[in-house]
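So the chains spell out like this:
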Amino acid sequence: MKALQKNSTWEMVELPLNKKIVGCKWVFTVKYKSNGTIDRYKAGLVSKGYTQTYEIDYQETFAPMAKMNDVRVILSLTVNLDWPLQQFDVKNVFLHGDLIKEVYMDPPSGFTPKEAKVCKLKKALYGLKQSLRTWFDRLSYSMKEYGFKQALTDHTLFYKRDGDDITLLIVYVDEMIVTGINISEIEKLQCRLAKEFEMKDLGALKYFLGIEVSRSKQEIFLSQQKYILYLLAETGNLAYEPMDTLIEVN
């Protein structure tokens, strides 16, 4: 609730005539570290976006996602050219997106206004159909203000070239991988982003999109052990013994 209030997510108003309300609910999750231990317990307020109506309280929803081929290329560059490899995370990512359409929402459970009013959303909230698009539009605008350009083949990849220096950033929703020749340029980018968004510096890349990353001077090792164990647990197959698979090649 503090994060929602800090970001001026909504204002309390009386529901206008001929306007409908979007519901909401609290979602509680457990965040894990790359080694499988519990990192933190998290509560998130999610709007029931499935009750929205096209052209009334939302329009465009599409937002690009990072391509794994480009992520692999970036990882390869960092190893072959010995570049630093950092990871940033944006807190309450969708709250940074500004809404254009009017959206009215029920007050969340546990928050009771003094009068019979509803929440007029000013910021995008998890669950809204346009949330991801509004956040990505805001990030893209900020990155271009910092002098970065978008790659034509992958709009989630931003790059900045200054003479021989080059800095790369690729984003998947709220997770960012940053690399480049000059570590000072990466630090400047982090400071600029932190002024506009509430950021968390996760240090050297360890975990991204279900992939554990371990790096040395000569190589980079990728593993999905944690993700595989999660799938086995979800499907009730955790107790099964592993077995070798032989592939014959003619």
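Presented here is a report on the structure given in the accompanying data block. (Residues numbered from 1 in each chain as written. Predicted model: local features only at pLDDT ≥ 70, side-chain atom pairs only at ≥ 80, totals over all residues. Heavy atoms only, no water.)

## A few points about the sheet that holds strand β6 (residues 104–105)
Let me state the cut-off plainly: DSSP-based pairing: two strands are paired if at least 2 bridges between them are found. Put simply, DSSP marks the helices as runs of H or I at least four residues long and the strands as runs of E at least two long, and each gets a number from the N terminus on.
The sheet built from 4 strands is open, its strands ordered β1-β7-β6-β2 with mixed pairing. Of all strands in the sheet, those bounded by a partner on one side alone are β1 (10–13) and β2 (21–22). Two strands pair when backbone bridges link them, and β2 and β6 are joined in this way by 2 bridges, in the parallel orientation. Note on β6: the bridge partner recorded for Ile 21 is Tyr 104.

## With respect to the side chain of Ser 47
So the rule is basically this: Relative accessibility under 20% of the residue-type maximum defines a buried residue, over 50% an exposed one, and the middle range a partly exposed one, all with a 1.4 Å probe and only protein chains included. Residues are treated as being in contact if the distance between any of their heavy atoms lies within 4.5 Å.
Relative to the elements of secondary structure, Ser 47 occurs in strand β4 (residues 38–47). Using a relative accessible area of 4% as the deciding quantity, one classes Ser 47 as buried. Dropping the residues within four chain positions of it, Ser 47 is found in contact with Val 22, Gly 23, Cys 24, Met 105, Leu 125, Tyr 126, Gly 127 and Leu 128.

## Details of the nonpolar core
Test applied: Here, nonpolar core means buried Ala, Val, Leu, Ile, Met, Phe, Trp, Tyr and Cys residues that are tied together by side-chain atoms lying within 4.5 Å of each other.
Counting residues in each nonpolar core, the largest one holds 21 residues, and the members touching the most others are Trp 135, Leu 139, Met 143, Leu 169, Met 176, Leu 189 and Leu 193. Contributions of two or more residues to this core are made by β5 (85–90), α3 (131–145), β10 (165–172), β11 (175–180) and α4 (183–196). Non-local contacts of Leu 189, meaning those with residues more than four positions away in its chain, are made with Met 143, Tyr 146, Phe 148, Leu 169 and Val 178. Leu 75, Leu 85, Leu 157 and Ile 211 belong to the second largest nonpolar core, which has 16 residues in total.

## Some details on the pattern of salt bridges
We apply this condition: Salt bridge criterion: a side-chain nitrogen from Lys or Arg within 4 Å of a carboxyl oxygen from Asp or Glu.
This structure, assessed with the given rule, holds 5 salt bridges. Asp 39 is the partner of Arg 40 in a salt bridge, and the nearest nitrogen-oxygen pair spans 3.1 Å. You can call Arg 40 partly exposed: its relative accessible area is 31%. Measuring nitrogen to oxygen at the nearest pair gives 3.2 Å for the salt bridge that ties Glu 196 to Arg 138. With a gap of 58 residues between them, Glu 196 in helix α4 and Arg 138 in helix α3 connect regions that are remote in the sequence.

Just geometry here; none of it tells us what the structure is for.
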